Amino acid sequence: AQTVTQSQPEMSVQEAETVTLSCTYDTSESDYYLFWYKQPPSRQMILVIRQEAYKQQNATENRFSVNFQKAAKSFSLKISDSQLGDAAMYFCAYRSEFTGGGNKLTFGTGTQLKVEL
Amino acid sequence: DTGVSQDPRHKITKRGQNVTFRCDPISEHNRLYWYRQTLGQGPEFLTYFQNEAQLEKSRLLSDRFSAERPKGSFSTLEIQRTEQGDSAMYLCASSLALRDTQYFGPGTRLTVL
């Protein structure tokens, strides 16, 4: 079974600064997707960024980028020029590409990001 | 697209009562997922539908839980004889195809007294 570990329960960042959230995972599969989801307080979870394991190039979406290290099974999220609206719980998630896996997501325990003025 | 919707948003019930939640996926999304999220944890997979067929169920889904998607559109999740340990946020997500992104609804927060 796959597991996802987020070892930082809370992180803080000053507005306009850069912060990196860590995620490691364990799997015996070679084909999979990794995701970062954002869950603001009392609001629904939204996708921030996704990475296909077969792609060596790190995904980027505007101020959000990842550092994907497949051999180390590491998938960190970098948020540049942090904004107050970035404050939320961030979840790292894994999805198998094995069709028998049903496409379900396996989540980490989350990192609460606080953005300070 | 209006997004994934869930009803009710909050439910308070007494132990032993039955509750039912509804999820309306994004139109034309044929895959629908239910997850449960307890305080301080990430969501955990419960079950998955492709159209009206329930293809996978987690071990977390005890006999007291049942999910349906009768016409391949909306889905219901029923919990019978609720227990305090059932208190959680129940999330629904949908996707267009097998490998597509899952879009989440706002969730139903269940409190069992």
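Everything below is about the structure printed above this text.
Since the structure is predicted, the reported quantities are computational estimates derived from the model, not experimental observations. (Residues numbered from 1 in each chain as written. Chains lettered and ligands numbered in written order. Predicted model: local features only at pLDDT ≥ 70, side-chain atom pairs only at ≥ 80, totals over all residues. Heavy atoms only, no water.)

Caption draft 1: Main features of the packing of aromatic side chains. As enumerated under the stated definition, the model contains 17 aromatic pairs over all chains in all. Measuring from centroid to centroid gives 5.9 Å for Tyr37(A) and Phe107(A), while their planes differ by 55 degrees, and the two rings are tilted. Here Tyr37(A), found in strand E5 (residues 32–39), pairs with Phe107(A), found in strand E11 (residues 105–107); they are 70 residues apart in sequence, far enough to count as distant. Its relative accessible area of 1% is what places Tyr37(A) among the buried residues. By way of ring pairs, the aromatic residues Tyr33(A), Phe35(A), Tyr37(A), Phe91(A), Phe107(A), Tyr33(B), Tyr35(B), Phe45(B), Tyr48(B) and Phe104(B) are connected into one cluster. A cation over an aromatic ring shows up here: Arg22(B) above the ring of Phe74(B), its NZ or CZ 3.9 Å from the ring centre. (Phe/Tyr/Trp six-rings, centres within 6.5 Å; stacked < 30°, edge-to-face > 60°. Helix = DSSP H or I, 4+ residues; strand = E, 2+ residues; numbered from the N terminus. Buried < 20%, exposed > 50% of the residue type's maximum accessible area, 1.4 Å probe, protein only. Lys NZ or Arg CZ within 6 Å of the ring centre and 35° of its normal.)

Caption draft 2: Region of the structure containing unusual backbone geometry. At the junction of Asp7(B) and Pro8(B), the peptide bond is cis and its omega measures out at -5 degrees in the coordinates. The phi angle at Asn62(A) is positive, at roughly 55 degrees, despite the residue not being glycine. Unusually for a residue other than glycine, Arg81(B) sits at a positive phi of about 50 degrees. Examined against the element boundaries, Arg81(B) turns out to sit in the loop between strand E8 (75–79) and strand E9 (88–95).

Caption draft 3: Local environment of the interface of chain A and chain B. Listed by partner, the interface residues are 20 residues for chain A and 23 residues for chain B. Note on chain A versus chain B: buried area summed over both sides is about 1700 Å², and carbon and sulfur give 48% of it. Among the residues of chain A in contact with chain B, Gln44(A), Asn103(A) and Lys104(A) are the three that bury the most area, contributing 27% of the side total. Two residues, Glu56(B) and Lys104(A), come together in a salt bridge whose shortest N-O distance is 2.7 Å. The interface formed by chain A and chain B holds seven residue pairs in polar contact (both at pLDDT 80 or more) in total. For the side of chain A that touches chain B, the elements supplying multiple residues, two or more each, are E5, strand E6 (46–52), strand E10 (88–96) and E11 of chain A. Each residue belonging to the side of chain A that touches chain B can be placed in one class, and the counts come to six nonpolar, 10 polar and four charged. (Contact = heavy atoms within 4.5 Å. Buried area = accessible area lost by both parts, 1.4 Å probe. Salt bridge = Lys/Arg side-chain N within 4 Å of Asp/Glu carboxyl O. Polar contact = N/O pair within 3.5 Å; in protein donor to acceptor, adjacent residues only side chain to side chain. Nonpolar A, V, L, I, M, F, W, Y, C, P; charged D, E, K, R; others polar.)

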